[in-house]
Amino acid sequence: MDFVETQSRATPEVAADLAALGELFERKLYHELTAALRTFVQSPAARARGQLLLDLEAKFLAKVEGKLNQLKYAMILGDVVCGAVDADTISAQQGIEQLKKAVEDKRGRLGAEPSLYLEMEAALLALRGADSDALEQVKKALEEAKPTMDGLTGTTDTAVFRKYYAAASDYRKLVGPPEAFYRAALSLLSYASADDMPLDKRRVLATDVALAALSGEGVYNFGEVLATPILEALTDTPNAWLGELLRIFALGDVDAFNDCLGRNKDEYLKQPALRAKAPFVKEKIALLAFMNLVFETPAHERAIPFSAIATRARLDLDHVEWLAMRAMALGLVKGVIDEVA
């Protein structure tokens, strides 16, 4: 192909890769070509050359896109555009416009999943600017995509789910509330392997998830996040104490909570999410202490005296009734209070 020959001369560093793509095209081995294209556009050598990626899309990919699996094509196009943006060859807004135009022009051929994938890729680019207009556009895109997401069943490729929840979690990280980010991030982790993320991205996500779990209202089940490997990214980092704190919350151990805070007071106060909600965080550990006491008590012995709750939650006796009523109001436990006894 002319493109392969011309580009090979211009960029000898990738000439062998381009020649391999040209050979697969000539032999009409489109399945193999799809895999080779995805590998090439994700390679550091290609991503360092934004114009090469754009030329590849216009002069090569455009000739074969109809022969490819359309979701794979969408993934390749997304990598091409994002690579060109990262290389500063085009602006994020230009990238968004290119992705949206592809969806508008080719939606009929692409189908629901590839179109949604490209729309979410555009949303992720929009979040890089994060101005009010961009946030509103992303909110609208996520809301419009939700019915399609809910209707996806039996799909074997999780790429669309990963892209949707990546956009949703990035959006919620910016606008809140913490519990909405927490749910979106856990959904992302259920479809995306943490091991496939760069280490720096894993550490940022682990920190954000931990902070959201600790400060998020309505987040009292820590088993889900502890079951993912994401918190391992905090090991041997200044934020390792966050992983320790999550495990302490899961146990409802007030003494361990106070000890951890005592050892990491400065780091704790550096986190705006925790500093601003310090009273709520203390309330949460007391509630979790009460929850764990209830669950650890045999079913036939669950007439629990206030004194036992006070001891477990490290509260004054006159604060226990409020704690019990709060736990029942939140649906964390079920029960009645014997006012007479």
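Only a predicted model underlies this, so the values are computations on that prediction, with no experimental measurement involved.

Parameters and conventions
Residues numbered from 1 in each chain as written. Predicted model: local features only at pLDDT ≥ 70, side-chain atom pairs only at ≥ 80, totals over all residues. Heavy atoms only, no water. Axes fitted to C-alpha atoms, helices over the stretch in contact; angles between N-to-C directions. Helix = DSSP H or I, 4+ residues; strand = E, 2+ residues; numbered from the N terminus. Parallel < 35°, antiparallel > 145°, perpendicular 65-115°, else oblique. Left-handed = near helix turned anticlockwise from the far one by under 90°. Contact = heavy atoms within 4.5 Å. Nonpolar A, V, L, I, M, F, W, Y, C, P; charged D, E, K, R; others polar. Buried < 20%, exposed > 50% of the residue type's maximum accessible area, 1.4 Å probe, protein only. Arc of directions from axis to C-beta. Salt bridge = Lys/Arg side-chain N within 4 Å of Asp/Glu carboxyl O.

Turning our attention to the packing of helix α8 (residues 112-129) against helix α10 (residues 159-175). Relative to each other, α8 and α10 sit at 25°, their axes nearing to 9 Å. Classified by the angle between their axes, α8 and α10 sit roughly parallel to one another. For the crossing formed where α8 meets α10, the hand is left-handed. Residues Glu113, Leu116, Tyr117, Met120, Glu121, Ala123, Leu124 and Leu127 of α8 lie in contact with α10, whose contacting residues are Ala159, Val160, Lys163, Tyr164, Ala166, Ala167, Asp170, Tyr171 and Leu174. Among the residues forming the contact of α8 with α10, the class breakdown is 13 nonpolar, no polar and four charged.

Here helix α19 (residues 306-313) has its buried residues at Ile309, Ala310 and Ala313. Along the long axis of α19, the arc covered by the buried residues comes to 100°, so they all point the same way. Residues of α19 that are buried make contact with α15 (254-263), α18 (278-296) and α20 (320-329). Of the residues trailing α19, Arg314 is marked for its positive phi of about 55°.

Take the pattern of salt bridges next. Oppositely charged side chains are able to pair whenever their charged atoms sit close together. Under the definition given, this model contains 19 salt bridges. Here Arg109 and Glu65 are joined by a salt bridge, their closest N and O atoms 3.1 Å apart. In this pair, Arg109 is assigned in helix α7 (residues 92-110) and Glu65 in the loop between α5 (50-64) and α6 (70-86), connecting sequence segments 44 residues apart. A relative accessible area of 37% places Arg109 in the partly exposed class. For Glu65, a relative accessible area of 8% translates into the label buried.

Let us look at unusual backbone geometry. Cis geometry marks the peptide bond from Gly176 to Pro177, where omega comes out at -5°. Relative to the assigned elements, Pro177 resides in the loop between α10 and α11 (178-191). The phi dihedral of Asp88 falls on the positive side, at around 60°, and the residue is not glycine. Judged by its relative accessible area of 68%, Asp88 is exposed. The residue Arg314 is not glycine, and still its phi comes out positive at about 55°. Within the secondary structure, Arg314 sits in the loop between α19 and α20.

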